Amino acid sequence: MIFTIHNKIERNSIVLALGIILVSAVGGLVEIAPLFTIDDTVESDPDMRVYTPLELAGRNIYIREGCYSCHSQMIRTLKDEVDRYGPYSRAVESQYDHPMLWGSKRTGPDLARIGEKYSDLWHTRHLNNPRDVVPQSIMPAYSWLLKNDLNTRDLRGNLKAMSRVGVPYKDSMINLANRDAIAQASPSSGDVAGLIERYGQATSVRVFDGDPQRVTEMDAVVAYLQILGRLTEVAHSDTSVKFDSKENVASAEGS
Amino acid sequence: MSVSERDKYTGHMTTGHEWNGIKELNTPVPLVLLVFLSAAFLFALGYWILMPAWPLGDTYTKGTLGFDQRQHLAKQIEKNDSEQSRWIDPLVQLDFDAIQGNSQLMAIVDESGPALFEDNCAMCHGSDGDGGRYFPKLNDTSWLWGSDPNVILQTLAVGINSTHPDTRIAIMPGFGAAGVLSAEVIENLVAYVQSISSSHNTSIEQANMAGKEAYSMYCAGCHANDGTGNSVVGAPNLTDDYWVYGGDTTALTATLTHGRKGHMPAWDKRLSLSERRILTLYVLSLNQSVVTGDKP
Amino acid sequence: MTFPERALATRITLLMLGIGLIMAFAGHDIGFRLQGAVVVAATLATLVVLFLIRTQPEPSPQELTYYYDAPIKAGIYLSLIWAVLGMFVGVWVALLLAYPELTFDYAWSSLGRLRPVHTSGVIFGFGGNALIATSFHVVQRTSRTRLPDQLSPWFVLLGFNLFCLVAATGYLLGITQSKEYAEPEWYADIWLVIVWVTYLVLYLRTLARRQEPHIYVANWYYLAFILVVAVLHIINNLAVPVSLLGSKSYSLFAGVQDAMTQWWYGHNAVAFFLTAGFLGMLYYYLPKRAERPIYSYRMSIISFWGITFMYMWAGSHHLHYTALPQWVQTLGVTFSVMLIVPSWGSAGNALLTLNGAWHKVRDDATLRFMMVAAVFYGISTFEGSFMAIRPVNSLSHYTDWTIGHVHAGVLGWVSFIVFGTFYSLVPWIWHRQRMYSLFLIEVHFWLAISGTIIYLIAMWNAGITQGIMWRTYNESGTLTYSFLESFVAMHPYYVARAFGGFLFLIGAVLAFYNIVMTVRHMPIEREVNKDIPVGLMPVQSGEATA
Ligand code: HEM
Ligand code: HEM
Ligand SMILES: [Ca+2]
Ligand SMILES: [Ca+2]
Ligand SMILES: [Cu+2]
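Just so we're clear, the structure is a prediction, and the values are computed from it rather than from any experiment. (Residues numbered from 1 in each chain as written. Chains lettered and ligands numbered in written order. Predicted model: local features only at pLDDT ≥ 70, side-chain atom pairs only at ≥ 80, totals over all residues. Heavy atoms only, no water.)

Asker: Could you clarify how one ought to interpret the overall build of chain A in this entry?
Answerer: The helix and strand tally for chain A stands at 15 helices and 0 strands. Compactness check: chain A gives a C-alpha radius of gyration of 23 Å against a globular reference of 18 Å for 255 residues, more than 25% above the reference. Dimensions of chain A, computed from C-alpha atoms along their principal axes, come out at roughly 80 × 45 × 40 Å. Evaluated residue by residue, chain A yields a buried proportion of 63% over its 255 residues. (Helix = DSSP H or I, 4+ residues; strand = E, 2+ residues; numbered from the N terminus. Rg over C-alpha atoms; globule rule 2.2 N^0.38 Å. Buried < 20%, exposed > 50% of the residue type's maximum accessible area, 1.4 Å probe, protein only.)

Below you can see the structure in the form of structure tokens.
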């Protein structure tokens, strides 16, 4: 039966082409479309922060240098991963990630919770030459990050494009993107209060690369790494999952 | 046009079509293929019934097992926690002396310490605690804040110059940059500091007296008169042969001119109390292993 | 090309030159400007060629009834150039993972930028050109008709290579969307859509002109490859550029939706680029070379529709245990497992086609390449279905096991089928009696097979070691190994992989040499007019056993 019908299909290239499109369309439709309609796909967190312009610039450099080809940013719901890296990643954490950087290979460790794990100085030295701090490392050296000044002028357009794809950047954020980036990495020369007002108390305002005079690409990358896993507390505070015995003990200790 | 013929080799008929010399046999689909297809489909069907599977508009089928990867993990962790409580409880409750006297607990420290240390601390302090430029050595006998395990435990919880509200603070002032000391005085001080370090052969007597004077005026408050440091403010011992920031003239000049403020992160949010206690004991054992390592 | 076609070609090239110039001079960022310069250079080169051929006579009406093979020949060369380049970068990347200092202190030469040059270079440059070239050959032969015009095949081939060139140079400049296998930025993506739609139209027009009542299986696969890749490419690359004169864009989707779309694309790039297309190749060149009928027409049907339907569901196996809702993962597992049946259906159909020709497999390295390809197709799809099972994936994901699986597919299956095909095709379309050196083919075969096996064994070991080290617990319930220990343990495997890859690369260089020498030094076969559409003659042995 199938074979007699097929006898017709294979004699008409248009029918064949339409058949291919139809048959191949089903899977994607069924799997992707509901991700936009089923509510509990993405947790909701009204306090979810957006990347500051400096962090976004750092993220763009992270993409530019292809860090995602060795580092994942997705802790799976597996015990060993939670034990090693911390609470597993939630969908909301990459809600504003256009595109997501979950990664597919762990040549280096997962970075989803790297924020504030190490010091700025460590990141700066590590990125400049990983073997300076980790002799066994096989990570490439990114020495140019310290040499290149960050292009802050274009940040406005970047924020604007991000807002076009749905990230809630306010107009003031977009308009002041350039200044906010400078203020975050070189606190003495910028409107830090305004930056904090726009992006929240949790914003780290520091000289990330150790040089207050210049805002370098290193500033941006380190600022980005230091915010990873810290845009929302959802992963740490979800009570339905009692996995963070770590914190309970910590607060009990009262040190 | 469609003339089937029999393939001599397999004995099957061809379909009768030919494309540029290629023919096809009309061999029926082998039974194994159909059996496999059915088996695979049945497997899938079973899986769909048991597990969350099919989207339905704004929800999805939950599966008869009610399985959820997150709850499954939570259960695993709970089970593990209760199993571990046999050693976590004493480890957290006993004081360090008692733990150090308990070989079973110390066996757990020896077992768990290395990987925990290498995943969290080795990036700065080196795999064997050997330290490196800007990050202190932990496998020696001199401690910035003292060798008491409770002190180390506290350091781990709050960090040094970290973002933790109760952080320890250790600041080496930038005397040159602040205009307190001239380049000349700093030069003298550098020579003096080098001379008191055991990495130098020069003895104190030969040292620059001007340097010594400046030292007792500006430095002794933190580093002590004899340069052995002060564990209350985390000021390092200057008389040993180990330098966090380097002992050559350039490095020392930089230290005195711009100051230092090493950043050790706080771990209370990232590591559980038991993990921090394991690390404390492990770190202390590092330097013992150096001692015993010297005389095999 | 006819004169009107040449005129149109010149106009299109000038238009592209204009776009290139705008990019180069008005671009907002240096990367975009340099990409413009690449476009300018490529179009100027095309213009020079168009100028040089301006006085050549038009093809005679007689010639216009022959098969049009010139773009196929160019495609074979381009494919080989990309093969050597892409695999060279692959070896370089492999060495960097073993010896991180083996590089220059320049941004372009760092691993993160070289890696996509490797992946795109081999998949799109090597694989894509091979697919385009062979699809032109197969569709003409099995439809017994000439391509409908002379311009569009060149537009497709050269336009596609412009895309590859812009992509590869873009990565070196740090221009990437970070979406695996879809890294090129928005302007390159748009260009590829134009090229690809032309390809589809060209293909359908050729099929419409066919003189055979039935469309041959190989064409089903090529058609599926063209159609589905178009859909995947357009949807996964939806993005908003920061500026129409800048390189950067932001993907339309974010987070979990973006992840699912990306791996729906990523998995099916494997399915329809690296699998369907090459199955088309297999379905023509293997029976031709073996001179055997396809084992089962009915199995072809089942396998084809099975693959077309089921593959599209399997992408979520790249996201097991992640923040992707579990129901999608379930669908991914089940369809991946069912997928083994049509996959093995195709592999089995190919191998059973060799029944009655096994003595040829023994003697003819070219046919042996194709046989091994079918075997590795079977191996890698089995492995894939296995790795798609959640507990297995919990171990294999993020490790070098994935890399091993990938290269079982791309070395053992894709590369082997391409080389087998090229060794058959080159003498046919250049009308040579045989390849220049059968000995070199034999050497290539053994280099390729040993390189592949070394690569695979190294990566399987590496991946499983890594996966086990990450999850090993002490008796007390704490982790035994640090991450540091796990990647230090990879060093010997990374060295072995680089060595295996090096052998494979040497093989590819030999293939290039052998093919160039065939074209330059082998005598032309007299009976050219056997391989023409009219005349309805079945192909004689002289052609098929070259
Ligand atoms: C000379 C032979 C080759 C060598 C030495 C080689 C080496 C490599 C290396 C070192 C990687 C990166 C792995 C990692 O990040 O850990 C890689 C990835 C990859 N290669 Fe190759 N390769 C070779 C041939 C090929 C060929 C011929 C193809 C395709 C036709 C190919 C397709 C890929 C793909 C798709 C990836 C990405 C895998 C992933 O992201 O999971 N390779 N290769
Ligand atoms: C039945 C067929 C197949 C199935 C079910 C399958 C399944 C899989 C699975 C489960 C992964 C690992 C995903 C992860 O953990 O990250 C994977 C990765 C991959 N497979 Fe397959 N595979 C199949 C056939 C093939 C073939 C024939 C090729 C190549 C010609 C191939 C190329 C790849 C590539 C390139 C990746 C790496 C994707 C990435 O992470 O960058 N697969 N496949
Ligand atoms: Ca990958
Ligand atoms: Ca793209
Ligand atoms: Cu896949």
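Asker: I'm lost on the site of ligand 2 in this one. Help?
Answerer: Close to ligand 2 lie 27 residues, the nearest being Glu-180, Tyr-181, Asn-393, His-397 and His-405 of chain C. In this structure, ligand 2 sits where chains A and C come together, each supplying nearby residues. Ser-104 of chain A has a polar side-chain atom sitting 3.3 Å from an oxygen atom of ligand 2. Here Asn-393 of chain C contributes a side-chain N or O atom positioned 2.9 Å from an oxygen atom of ligand 2. Among the secondary structure elements, those contributing two or more residues to the shell around ligand 2 are helix H8 (255-290), helix H10 (326-353), helix H12 (365-387) and helix H14 (400-429) of chain C. With 6 residues, H14 of chain C is the single largest residue contributor to the shell around ligand 2. Residue composition of the shell around ligand 2, by class: 11 nonpolar, 15 polar and 1 charged. (Near = heavy atom within 4 Å. Polar contact = N/O pair within 3.5 Å; in protein donor to acceptor, adjacent residues only side chain to side chain. Nonpolar A, V, L, I, M, F, W, Y, C, P; charged D, E, K, R; others polar.)

Asker: Can you walk me through the pattern of salt bridges in this structure?
Answerer: Any two side chains of opposite charge can pair, so long as their charged atoms come close to each other. As enumerated under the stated definition, the model contains 33 salt bridges over all chains in all. With a shortest N-O distance of 2.7 Å, Lys-79 of chain A and Asp-83 of chain A are connected by a salt bridge. Here Lys-79 of chain A and its partner Asp-83 of chain A are both found in helix H5 (residues 79-85), 4 residues apart, which amounts to about one turn of the helix. Here Asp-83 of chain A falls in the partly exposed class, since its relative accessible area comes to 25%. The residue Asp-7 of chain B makes a salt bridge to Arg-292 of chain C at a minimum N-O spacing of 2.8 Å. Of this pair, Asp-7 of chain B sits in the segment before strand E1 (14-19) while Arg-292 of chain C sits in the loop between H8 and helix H9 (297-310), on two different chains. (Salt bridge = Lys/Arg side-chain N within 4 Å of Asp/Glu carboxyl O.)

Asker: Teacher, can you tell me more about the site of ligand 1 here?
Answerer: Surveying the vicinity of ligand 1 reveals 25 residues, the closest of which are Lys-105 of chain A together with Arg-115, His-118, Glu-180 and His-407 of chain C. More than one chain reaches ligand 1: the nearby residues come from chains A and C. One of the side-chain nitrogen or oxygen atoms of Arg-115 of chain C is found 2.7 Å away from an oxygen atom of ligand 1. Contact between ligand 1 and His-118 of chain C: a nitrogen atom at 2.7 Å from a side-chain N or O atom of the residue. Those elements that place two or more of their residues in the shell around ligand 1 are helix H3 (70-98), helix H4 (111-143), H14 and helix H17 (491-521) of chain C.

Asker: How should I be thinking about the interface of chain C and chain B in this particular structure?
Answerer: In many reports, interface size means the accessible area that the parts give up when they come together. Of the residues lining the interface, 56 residues belong to chain C; the matching set on chain B comes to 50 residues. Linking chain C with chain B are 24 residue pairs in polar contact (both at pLDDT 80 or more). For the side of chain C that touches chain B, the secondary-structure elements that each account for two or more residues are H4, H8, H9, H10 and helix H16 (483-488) of chain C. The dominant element in the side of chain C that touches chain B, judged by the number of residues it contributes, is H10 of chain C, at 12 residues. Class assignment of the residues belonging to the side of chain C that touches chain B gives a composition of 31 nonpolar, 17 polar and 8 charged. (Contact = heavy atoms within 4.5 Å.)

Asker: Help me out: how do you make sense of the interface of chain A and chain C in this one?
Answerer: Facing the 83 residues of chain A at the interface are 90 residues of chain C. For the pair chain A and chain C, the summed buried area comes to about 7600 Å², and 66% of that belongs to carbon and sulfur atoms. Across the contact surface, chain A and chain C share 4 salt bridges. Two residues, Lys-105 of chain A and Asp-400 of chain C, come together in a salt bridge whose shortest N-O distance is 3.0 Å. Counting the contacts that link chain A with chain C gives 30 residue pairs in polar contact (both at pLDDT 80 or more). (Buried area = accessible area lost by both parts, 1.4 Å probe.)

Asker: So what exactly am I meant to see when it comes to the coordination of the iron atom of ligand 1 here?
Answerer: Between any two of four tetrahedral donors, the ideal angle at the metal is 109.5 degrees; between two of six octahedral donors, it is 90 or 180 degrees. All names here are of chain C. In this structure, His-118 (NE2) and His-407 (NE2) serve as the protein donors to the iron atom of ligand 1, at separations of 2.0 Å. The coordination sphere of the iron atom of ligand 1 comprises 6 donor atoms, whose angles at the metal cover 85 to 179 degrees; the geometry is octahedral. Placement of His-118 in helix H4 and of His-407 in helix H14 is noted, with a sequence separation of 289 residues between them. A relative accessible area of 15% places His-118 in the buried class. (Donors = N, O, S within 2.8 Å, 3.2 Å for Na, K, Ca; no water. Tetrahedral: all angles 85-135°; square planar, octahedral: opposite > 155°, others 65-115°.)

Asker: How should I be thinking about the environment of Leu-202 of chain C in this particular structure?
Answerer: All names here are of chain C. By the element assignment, Leu-202 lies in helix H6 (residues 186-208). As a C-alpha pair, Leu-202 and Phe-273 span 71 residues in sequence and 18 Å in three-dimensional space. Setting aside its immediate chain neighbours within four residues, Leu-202 contacts Phe-136, Pro-148, Asp-149, Ser-152, Pro-153 and Val-156.

Asker: How do you make sense of the environment of Phe-96 of chain B when you look at a structure like this?
Answerer: Among the structural elements, Phe-96 of chain B can be located in helix H3 (residues 96-100). Apart from the residues within four sequence positions on either side, Phe-96 of chain B is in contact with Pro-149, Asn-150, Leu-153, Arg-277, Thr-280 and Leu-281 of chain B.

Asker: In this structure, what is going on with the coordination of the calcium ion (ligand 3)? I would like to understand it.
Answerer: Within the protein, the calcium ion (ligand 3) binds to Ser-104 of chain A (OG), Glu-180 of chain C (OE) and Glu-180 of chain C (OE); these donor distances fall in the range 2.2 to 3.1 Å. Of the two residues, Ser-104 of chain A is situated in the loop between H5 and helix H6 (120-128) and Glu-180 of chain C in the loop between helix H5 (151-172) and H6; the pairing between them involves two chains. As far as burial versus exposure is concerned, Ser-104 of chain A and Glu-180 of chain C are alike and both buried.

Asker: How should I be thinking about the nonpolar core in this particular structure?
Answerer: Proteins that are soluble and globular tend to have nonpolar side chains buried together. Grouped together as the largest cluster of nonpolar side chains are 274 residues, with contacts concentrated most on Tyr-169 of chain A together with Ile-76, Phe-160, Trp-196, Leu-223, Phe-225 and Trp-413 of chain C. Examining the composition of this core, we find that 21 residues originate from one element, H8 of chain C, more than from any other. In this structure Phe-225 of chain C touches Leu-131, Trp-196, Tyr-199, Phe-272, Phe-273, Ala-276 and Gly-277 of chain C, once residues within four positions along its chain are discounted. (Core = buried A, V, L, I, M, F, W, Y, C linked by side-chain atoms within 4.5 Å.)

Asker: Looking at this structure, I do not really get unusual backbone geometry. What am I missing?
Answerer: Negative phi is the rule for most residues except glycine; trans is the rule for most peptide bonds. With omega at -5 degrees, the peptide bond leading from His-98 of chain A into Pro-99 of chain A counts as cis. Assignment of secondary structure puts Pro-99 of chain A in the loop between H5 and H6. Phi at Asn-161 of chain B takes a positive value of approximately 50 degrees, unusual for a residue other than glycine. With respect to the helices, strands and loops of the structure, Asn-161 of chain B is situated in the loop between helix H6 (149-158) and helix H7 (183-196). Of note in this structure, His-431 of chain C is not a glycine but carries a positive phi near 55 degrees. Positionally, His-431 of chain C belongs in the loop between H14 and helix H15 (438-471).

Asker: For this particular structure, what's the right way to read the packing of aromatic side chains?
Answerer: Geometrically, a pair of aromatic rings is defined through the distance of the ring centres and the angle of the planes. Residues and elements named next belong to chain C. Counted under the stated rule, the structure contains 63 aromatic pairs over all chains. A ring pair is formed by Phe-126 and Phe-419, whose centres lie 5.7 Å apart and whose planes are at 35 degrees; its orientation type is tilted. Of this pair, Phe-126 sits in helix H4 while Phe-419 sits in helix H14, and the two are 293 residues apart along the sequence. Each member of the pair, Phe-126 together with Phe-419, is buried. Geometrically, the ring pair formed by Phe-136 and Tyr-199 is edge-to-face, given 6.0 Å between the ring centres and 90 degrees between the ring planes. Residue Phe-136 is found in helix H4, and its partner Tyr-199 is found in helix H6; the two are separated by 63 residues along the sequence. Accessibility expressed as a relative area gives 0% for Phe-136, which makes it buried. Cluster of aromatic residues (ring-pair linked, three or more members): Phe-124, Phe-136, Phe-160, Phe-163, Trp-196, Tyr-199, Tyr-203, Tyr-222, Phe-225 and Phe-273. Of note, Arg-54 hangs over the ring of Phe-51, and the distance from its end group to the ring centre comes to 4.0 Å. (Phe/Tyr/Trp six-rings, centres within 6.5 Å; stacked < 30°, edge-to-face > 60°. Lys NZ or Arg CZ within 6 Å of the ring centre and 35° of its normal.)

Asker: So what exactly am I meant to see when it comes to the confidence of the model for chain A here?
Answerer: Detailed conclusions should not be drawn from predicted coordinates in areas where pLDDT is low. With 93% of its residues at a pLDDT of at least 70, chain A reaches an overall mean of 90. Across residues 239-255 of chain A, where pLDDT falls below 50, the model places 31 contacts with residues more than four positions away in sequence or in other chains. (pLDDT = per-residue confidence, 0-100.)

Asker: Can you help me understand the environment of Asp-268 of chain B in this one?
Answerer: Among the secondary structure elements, Asp-268 of chain B is positioned in the loop between helix H9 (249-258) and helix H10 (273-294). For the pair formed by Asp-268 of chain B and Glu-78 of chain B, sequence separation is 190 residues and the distance between their alpha carbons is 21 Å.

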